[in-house]
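Residues per chain are reported as follows:
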Amino acid sequence: MPGEHFVVAPGWAWYILLYFFFAGISGGAFVIGTMLRLWGSAADAAASRLAFIISFPLLLLCPILLTLDLGQPFRFWHMLVDVGTGVPAFKAYSPISVGSWGLLIFGLFSFVMFLAAVGEGGYLRWRVLAGAGRVMGSALGKAFMVIGAIVGFFIASYTGVLLAVSNQPVWSDTWTLGALFLASGLSGAAATILLLSHGRRDAAVTDGKLMLADRYFIILELVLIALFLITLGGVVSKVLGGGWILLWLVVLIGTLVPLVAEWRPALLRQLPPVVVPVLVLVGVLALRAVIIFSAQA
Amino acid sequence: MAQPVGFFTDTTLCIGCKACEVACKEWNGLPDNPLEFRGSYDNTGQLDHANWRHVRFVEQTTKSPDKPIAWSMMSDVCKHCANASCLEVCPTNAIVRTEFDTVFIQQDVCNGCRDCISACPYGVIGFNSNTGTAQKCTFCYDRLQNNLKPACATACPTQSIKFGPLDEMRQTAATRLATLHAQGMSEARIYGDKEYGGLHAFFLLTDKPETYSLPSTESAVLPSRNNIPGYLGAVVTAVVAAVAGLIAFRRRGEAKP
Ligand code: SF4
Ligand code: SF4
């Protein structure tokens, strides 16, 4: 792949890392909540509610982190409005531009589903929320969820495309980043729901299904990590060399330990149940860290 | 009506005096560089928010015992690409093309997201933490609007940096290249005729572009090349993940929601 560029690093660091992390989990949680609703049983409704209830607050962190990262935070709205003409600013080939609109639209979907889940769960006894909760089960509610889930897929993946649409070595040398961030975001979302369902009898009935789904997402993630490294060709030393191998080790622990835990539960029976989801989440964060930081080093 | 302008930089004439750097800093009010020795006479180091011109001192070892080190000098600057990577990715439309066909970052629009920095294949743009914005050479936009030559080209004592209407500059470059080839300098070449649709700051080089930290013609590709493959990979993954979800979450003799 042609790629000898002499690019300067944009200096994207902790805010962007956390943004990528939370966007992946927020989008992933919405997708999982929808899938549980569409294909799961009545007993999975509690876990699905939990998924929608975490998706929105995590999404709220995203614009805050993105704004803090700007050199001119008070101009965050320049992403959405063309200052020169006053019309909406939208560039289909600039992932930051598309992503800004995506965040806004996903914000709407995840907010509505948050309210509906709160209403359905009876956490707040407002009549309007109870009404919204009832709509969740209707065809209209399901159609709404499916559209929201498509936007959720986008939110969990476009951050990888954003990195690739550059001339930065590593990021621009592979097509896999959007796919990889999506798989790891879904895995992180499943782990977050598992973590929060701990000790909640209603949602914990879905734990087995979530673990199975997480196993599939992790396998997908591992395949994409392999493809990522293969597509880098000669540049691969940039992400594997030096101290970066330590972060990869964390990624490996966060992916292989859950697989072992799910296939051979006897081996890890001594571990408290929260350990595995925490390892998954640390792995999800480490994956993004190694990709963001190694390319800019 | 303004016409497209260009810089033709003939590196064979550059003596490394850095008059262009100084003139650029003076006219544009750019801050000083910290006083430190970087192990080379090239003390500027790189283009960034405070250095919009940089006289690159390319040091190469030779086989000759009397001249163990050879210098190639090149006054580097924003290339004002016809197809500009920075302009392509900028989400705020802060980066615009001017009436002179140059590339300009509007300081009152830029919000400092720094996407353009990751896109420019020439490492031109720097982030100014005082203004919170991305900055680079403006092609002396204010001077062009007042029918003045850019400061660097005005100061260059050897005519290494030539400025004028783009067509004229390309003509001048072709003539100079023919002269050098006739003199036996077969390695002389023009960089910037084809790359990124034609650069508005283009160069006569005496070595391959990579020697001067310029991407080769094949490597001169735009960020947007990765949009479709990137989204396509994500869509395929989304479909696989949905199938995985269907298998994992489906009802097995349980009640409907
Ligand atoms: S050289 Fe870089 S900063 Fe200048 S126009 Fe081209 S892409 Fe933009
Ligand atoms: S830093 Fe400014 S000029 Fe660069 S892409 Fe962002 S908004 Fe555009």
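Residues numbered from 1 in each chain as written. Chains lettered and ligands numbered in written order. Predicted model: local features only at pLDDT ≥ 70, side-chain atom pairs only at ≥ 80, totals over all residues. Heavy atoms only, no water.

(A) Representation of the overall build of chain B in the model. From N to C terminus, chain B includes 7 helices and 10 strands. Here chain B has a C-alpha radius of gyration of 23 Å; the compact-globule value for 257 residues is 18 Å, and the former is much larger. With the C-alpha coordinates of chain B rotated into their principal frame, the extents come out at 85 × 45 × 40 Å. Taken across its 257 residues, chain B has 53% of its residues classed as buried. For chain B, contacts bridging at least 24 residues in sequence account for 58% of all contacts bridging at least 6. Carbon and sulfur atoms make up 56% of the accessible area of chain B, which totals about 11,400 Å². Mean positive and mean negative side-chain charge positions of chain B (24 and 25 charges, respectively) differ by 7 Å. (Helix = DSSP H or I, 4+ residues; strand = E, 2+ residues; numbered from the N terminus. Rg over C-alpha atoms; globule rule 2.2 N^0.38 Å. Buried < 20%, exposed > 50% of the residue type's maximum accessible area, 1.4 Å probe, protein only. Contact = heavy atoms within 4.5 Å. Areas by Shrake-Rupley, 256 points an atom, 1.4 Å probe, with all protein chains shown as cover. Lys, Arg positive; Asp, Glu negative; His and termini not counted. Charge placed at Lys NZ, Arg CZ, Asp CG, Glu CD.)

(B) Geometry of the pattern of salt bridges. Enumeration over the complete set of coordinates arrives at 10 salt bridges over all chains. Among the salt bridges present, the one from Arg170(B) reaches Asp193(B), with a minimum N-O distance of 3.1 Å. Taken together, the positions of Arg170(B) in helix H6 (residues 166-182) and Asp193(B) in the loop between strand S9 (189-191) and strand S10 (201-205) put the pair 23 residues apart, joining distant regions of the chain. You can call Arg170(B) partly exposed: its relative accessible area is 24%. Linked through salt bridges whose partners overlap, the residues forming this network are Arg37(A), Arg49(A) and Glu120(A). (Salt bridge = Lys/Arg side-chain N within 4 Å of Asp/Glu carboxyl O.)

(C) Inspection of the site of ligand 1 at higher detail. Taken together, 14 residues lie near ligand 1, and Cys78(B), Lys79(B), Cys81(B), Cys86(B) and Cys120(B) sit nearest. By residue class, the composition of the shell around ligand 1 is 10 nonpolar, 2 polar and 2 charged. (Near = heavy atom within 4 Å. Nonpolar A, V, L, I, M, F, W, Y, C, P; charged D, E, K, R; others polar.)

(D) Summary view of the site of ligand 2. Around ligand 2 lies a shell formed by Cys90(B), Pro91(B), Thr92(B), Ile95(B), Ile105(B), Cys110(B), Asn111(B), Gly112(B), Cys113(B), Arg114(B), Cys116(B) and Ala134(B). A class-by-class count of the residues in the shell around ligand 2 yields 8 nonpolar, 3 polar and 1 charged.

(E) Unusual backbone geometry, seen in detail. Residues and elements named next belong to chain B. Positive phi, normally seen in glycine, also occurs at Phe139, with a value near 60 degrees. Counting through the fold element by element, Phe139 comes out in the loop between strand S7 (133-135) and helix H4 (141-145). The class of Phe139 is buried, set by a relative accessible area of 1%. The phi dihedral of Tyr196 falls on the positive side, at around 50 degrees, and the residue is not glycine. The topology assignment puts Tyr196 in the loop between S9 and S10.

(F) Representation of the interface of chain B and chain A. On the side of chain A, 65 residues touch chain B, which itself brings 64 residues to the contact. Roughly 5,100 Å² is buried in total at the junction of chain B and chain A, and carbon and sulfur atoms are behind 60% of that figure. Per-residue buried area on chain B facing chain A is highest for Asn111(B), Arg114(B) and Phe249(B); these three make up 15% of the total on that side. With its nearest N and O atoms 3.1 Å apart, the salt bridge here joins Arg114(B) to Asp69(A). Here chain B is connected to chain A by 28 residue pairs in polar contact (both at pLDDT 80 or more). Where the side of chain B that touches chain A is concerned, the elements lending two or more residues are helix H2 (85-89), helix H3 (115-119) and helix H7 (227-249) of chain B. With 17 residues, H7(B) is the single largest residue contributor to the side of chain B that touches chain A. Here the residues of the side of chain B that touches chain A sort into 32 nonpolar, 20 polar and 12 charged. (Buried area = accessible area lost by both parts, 1.4 Å probe. Polar contact = N/O pair within 3.5 Å; in protein donor to acceptor, adjacent residues only side chain to side chain.)

(G) Representation of the packing of aromatic side chains within the structure. Residue and element names in this part refer to chain A. Across all of its chains, the model carries 23 aromatic pairs over all chains by this definition. Taken together, a centroid distance of 5.1 Å and an interplanar angle of 45 degrees make the contact between Phe56 and Phe111 tilted. With Phe56 in helix H2 (residues 45-69) and Phe111 in helix H3 (residues 95-121), the pair connects residues that are 55 residues apart, well separated along the chain. A ring pair is formed by Phe228 and Trp248, whose centres lie 6.3 Å apart and whose planes are at 35 degrees; its orientation type is tilted. You can see Phe228 sitting in helix H8 (residues 207-232) and its partner Trp248 sitting in helix H10 (residues 244-263), a full 20 residues away along the chain. (Phe/Tyr/Trp six-rings, centres within 6.5 Å; stacked < 30°, edge-to-face > 60°.)

(H) The sheet that holds strand S1 (residues 5-10) of chain B, seen in detail. Residue and element names in this part refer to chain B. With mixed pairing, 4 strands are arranged side by side in an open sheet as S8-S1-S10-S9. The open sheet has two edge strands, strand S8 (161-165) and S9, and neither has a second partner. Mean inter-strand twist for the sheet, computed between neighbouring axes without regard to direction, equals 25 degrees. Pairing analysis gives 5 bridges linking S1 to S8, with the strands arranged antiparallel. (Pairing = 2+ DSSP bridges. Axes fitted to C-alpha atoms, helices over the stretch in contact; angles between N-to-C directions.)

(I) Just the environment of Ala153(B), in detail. Residue and element names in this part refer to chain B. Looking at where Ala153 falls in the secondary structure, it is placed in helix H5 (residues 151-155). Classification of Ala153 by relative accessible area gives buried; the value is 4%. Through-space distance from the C-alpha of Ala153 to that of Thr172 is 15 Å; in sequence the pair is 19 residues apart. In contact with Ala153, other than residues within four places in its own chain, are Phe7, Ile161 and Phe163.

(J) Seen up close, the packing of H8(A) against H7(B). Direction vectors running N to C along H8(A) and H7(B) enclose 155 degrees, while the axes themselves pass 8 Å from each other. When the axes of H8(A) and H7(B) are compared, the pair comes out roughly antiparallel. In the crossing of H8(A) with H7(B), the sense of the turn from one axis to the other is right-handed. Of the residues in H7(B), those touching H8(A) at Lys209(A), Leu210(A), Leu212(A), Ala213(A), Tyr216(A), Phe217(A), Leu220(A) and Leu224(A) are Thr237(B), Val240(B), Ala241(B), Ala244(B), Ile247(B), Ala248(B) and Phe249(B). Counted by class, the contact of H8(A) with H7(B) contains 13 nonpolar, 1 polar and 1 charged residues. (Parallel < 35°, antiparallel > 145°, perpendicular 65-115°, else oblique. Left-handed = near helix turned anticlockwise from the far one by under 90°.)

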